Amino acid sequence: MEKQFNISSFYSGRITLRRTIQIIFLIITLLIGIKFYWFVAQLESGGAVNIGRPPGVEAFLPISALVSLKYFLFTGIFNRVHPSALVIFLIICSTALVFKKGFCSWICPFGLLSDVLADVHLYLFKKQIHLPRWMDLSLRGIKYAVAGFFIWSIFITMPVDAVGTFIHSPYNRFSDIKMLEFFTNISLTAFIVTLVLVFLSVIIPNFWCRYLCPYGALLGLLSFFSLGKIKRSSQNCINCKQCETVCPGKIQITKKININSLECSACLRCVQSCPQKNAIGFSLQGYPIDQKRIALVLSALFALGIITARQTGYWQNETSVQAYRQYILGKQMPWKTPKGIDPEKMKRMIEKMKKSSPG
Ligand code: SF4
Ligand code: SF4
């Protein structure tokens, strides 16, 4: 159940560049959140609005992005209700095809929080506590079940015309406001659940990321097709298992040559901790990739995707400030269920989506 942990080796293997990139993306996320908060505050005040709505806020609307993806795949229409949600979703998915779950360990703010809580775990317990394998495997199934539920609900059971209706419904159109309220006006239940998750992440490192995050599950599945992966050299490896000791994915690295595990987040801790030259490294189709190149390419993918979306008009959403104001002031936009769609069925579907996620 418990594995002895050489804490000094973990800290000497700390990848500062990865942490720097994580912090940069955290700051960007916080700035977007603050700007959106002030945008909504100005709308609520009823006065002039001189702060623009930051499109990056749609990164927190993954359900809307999935629905938009289905609509795009079936109709060819890239909707402008939440275009940046889909743009960011596609960028994140593209990172998994190159750097495994690199998004989780290099960019995601929740990944950073998970890392910090894992450090607290090490500080408190001086060793890494592992769950029994059967329990670990069973719990890991939860995130795939949640991801599967969303994919099945949206891609299998939702008719395309219902998808179009949902996209343009007030529920989806103003889901960014609801998402903000989720954080600024957090319910007691949500607050307690958050505290429990933080506590569990201290007791069991990476609890949220490893067992519950459906986004991570989806990226893990996509990462199976990743062009880049960790490779171990059986000639140079001395089987010291230092790499396994620091691996947050708890991957049995020394039993493999190519690390195809869905849990690998390209964090490069294994590479940093390895005492042997050329025993392990991240390789992109045979080309060795160090942490500087990962940082550069990940940042470039985000920059390129966002610039392209801006230039082609698929970054800013179409909803006017006036519509936002009407919604906020309680005058909901008129919305009729289109012909051919059972209003009760549509209502039930939206209720189901509401229960599933704030976004
Ligand atoms: S195998 Fe290496 S890169 Fe992958 S998660 Fe483990 S330590 Fe990180
Ligand atoms: S890859 Fe490096 S750290 Fe891992 S067992 Fe081999 S020599 Fe040790």
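Residues numbered from 1 in each chain as written. Chains lettered and ligands numbered in written order. Predicted model: local features only at pLDDT ≥ 70, side-chain atom pairs only at ≥ 80, totals over all residues. Heavy atoms only, no water.

Draft legend 1. Highlighting the overall build of the chain. A count of helices and strands for the chain gives 18 helices and 6 strands. Of all 359 residues assigned to the chain, the portion counted as buried reaches 47%. Contacts in the chain between residues far apart in sequence, at least 24 positions, make up 80% of those at least 6 positions apart. (Helix = DSSP H or I, 4+ residues; strand = E, 2+ residues; numbered from the N terminus. Buried < 20%, exposed > 50% of the residue type's maximum accessible area, 1.4 Å probe, protein only. Contact = heavy atoms within 4.5 Å.)

Draft legend 2. Highlighting empty space enclosed by the protein. In the structure shown here, the tally under the stated rule is 5 cavities of 30 Å³ or more. For the largest cavity, the lining is made up of 16 residues, of which C104, N206, C209, P248 and S265 are closest to its centre. Every element with two or more residues in the lining of the largest cavity is listed here: helix 5 (102-106), helix 6 (109-125) and helix 12 (207-212). Counting residues per element, the lining of the largest cavity draws most heavily on helix 6, which supplies 3 residues. (1 Å grid on protein atoms, 1.4 Å probe; cavity = no way out; pocket = protein on both sides within 12 Å on 5 of 7 lines; lining within 4 Å. Points joined across faces, edges and corners; volume = space filled by probe spheres on them.)

Draft legend 3. Here's a closer look at the site of ligand 1. Around ligand 1 sit I230, C247, P248, I251, I253, C264, S265, A266, C267, L268, R269 and C270, and that is every residue in its neighbourhood. Here ligand 1 is seated within the second largest cavity. Grouping the amino acids of the shell around ligand 1 by side-chain chemistry returns 10 nonpolar, 1 polar and 1 charged. (Near = heavy atom within 4 Å. Sits in = over half its atoms within 2 Å of the grid points. Nonpolar A, V, L, I, M, F, W, Y, C, P; charged D, E, K, R; others polar.)

Draft legend 4. Representation of the site of ligand 2. Lining the immediate surroundings of ligand 2 are 14 residues, of which C237, C240, K241, C243 and C274 lie closest. Of the residues belonging to the shell around ligand 2, the class tally is 8 nonpolar, 4 polar and 2 charged.

Draft legend 5. Quick peek at unusual backbone geometry. One non-glycine residue with positive phi stands out, namely N239, at about 60°. The residue K250 is not glycine, and still its phi comes out positive at about 50°. If you trace the backbone, K250 turns up in the loop between helix 14 (242-246) and strand 4 (258-259).

Draft legend 6. Spotlight on the packing of aromatic side chains. The full count for this structure, using the stated rule, is 18 aromatic pairs. Geometrically, the ring pair formed by F89 and Y215 is tilted, given 5.9 Å between the ring centres and 45° between the ring planes. On the criterion of sequence distance, the pair formed by F89 in helix 4 (residues 83-99) and Y215 in helix 13 (residues 214-223) is long-range, its members being 126 residues apart. You'll find F89 and Y215 in the same group, each marked buried. Each ring, one from F103 and one from F302, has its centre 6.5 Å from the other, and the planes form 15°; the classification is stacked. In this pair, F103 sits in helix 5 while F302 sits in helix 16 (residues 291-312), placing the two residues 199 residues apart along the sequence. (Phe/Tyr/Trp six-rings, centres within 6.5 Å; stacked < 30°, edge-to-face > 60°.)

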